[in-house]
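Spelled out, the chains give:
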Amino acid sequence: MCAVAMFSAAIQYTGQYGRAILFTDVVNVRAGEEDKRSMITGVHIVRDIFCMRCNKYVGWTYVKAFEIDQKFKEGKFILERELIYDLKREFSVDPAELNWS
């Protein structure tokens with residue numbers, strides 16, 4: 001699993017691999033190419049996001065929502081809970097003490 005720092009958790013969702021969480025900001029990820037996808041909540045333009053360290057898929061970011069009630073998702077990120085590693089939850093470690101090099 002990937003270690004991805006996350007901020008401002010908002011709403012719980014179900015992703016391709018089970019539980020997923022919508023975030024306003026994430027770090028240590030890179031985005032892939034834009035893709036137009038039909039989802040349960042409508043058509044969206046999204047970009048898959050990948051761990052900067054291991055390059056594994058961890059979720060997606062919403063680029064554009066076509067439904068008015070889904071516009072709030074634009075610019076936000078979905079992280080698949082099964083595919084990330086939550087250091088804060090698993091250990092009592094001060095992130096400042098970690099050496100990521």
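Calculation criteria
Residues numbered from 1 in each chain as written. Predicted model: local features only at pLDDT ≥ 70, side-chain atom pairs only at ≥ 80, totals over all residues. Heavy atoms only, no water. 1 Å grid on protein atoms, 1.4 Å probe; cavity = no way out; pocket = protein on both sides within 12 Å on 5 of 7 lines; lining within 4 Å. Points joined across faces, edges and corners; volume = space filled by probe spheres on them. Helix = DSSP H or I, 4+ residues; strand = E, 2+ residues; numbered from the N terminus. Nonpolar A, V, L, I, M, F, W, Y, C, P; charged D, E, K, R; others polar. Phe/Tyr/Trp six-rings, centres within 6.5 Å; stacked < 30°, edge-to-face > 60°. Buried < 20%, exposed > 50% of the residue type's maximum accessible area, 1.4 Å probe, protein only. Lys NZ or Arg CZ within 6 Å of the ring centre and 35° of its normal. Contact = heavy atoms within 4.5 Å.

Peer 1: I'd like a rundown of the layout of surface pockets, residues and numbers included.
Peer 2: In this structure, the second largest pocket occupies an estimated 240 Å³ of space. Along the wall of the second largest pocket there are 13 residues; nearest its centre are Thr14, Gly15, Met39, Trp60 and Tyr62. Every element with two or more residues in the lining of the second largest pocket is listed here: strand 2 (6-15), strand 4 (29-39) and strand 6 (57-65). Its residues placed into classes, the lining of the second largest pocket shows seven nonpolar, four polar and two charged.

Peer 1: Let's hear about the packing of aromatic side chains: which residues, and what values?
Peer 2: Scanning all chains against the criterion turns up two aromatic pairs. Between Phe50 and Tyr57, the ring centres sit 6.3 Å apart and the planes meet at 70°, which makes this aromatic pair edge-to-face. Here the two residues Phe50 and Tyr57 agree in accessibility, since each one is buried. Between Lys36 and the ring centre of Phe66, over which it is positioned, the NZ or CZ distance is 5.4 Å.

Peer 1: Explain the side chain of Gln70 to me, and be specific about the residues and the numbers.
Peer 2: Summarising the element assignment, Gln70 is placed in the loop between strand 6 and strand 7 (77-80). Once residues within four sequence positions are removed from consideration, Gln70 is found in contact with Thr41, His44 and Ala65.

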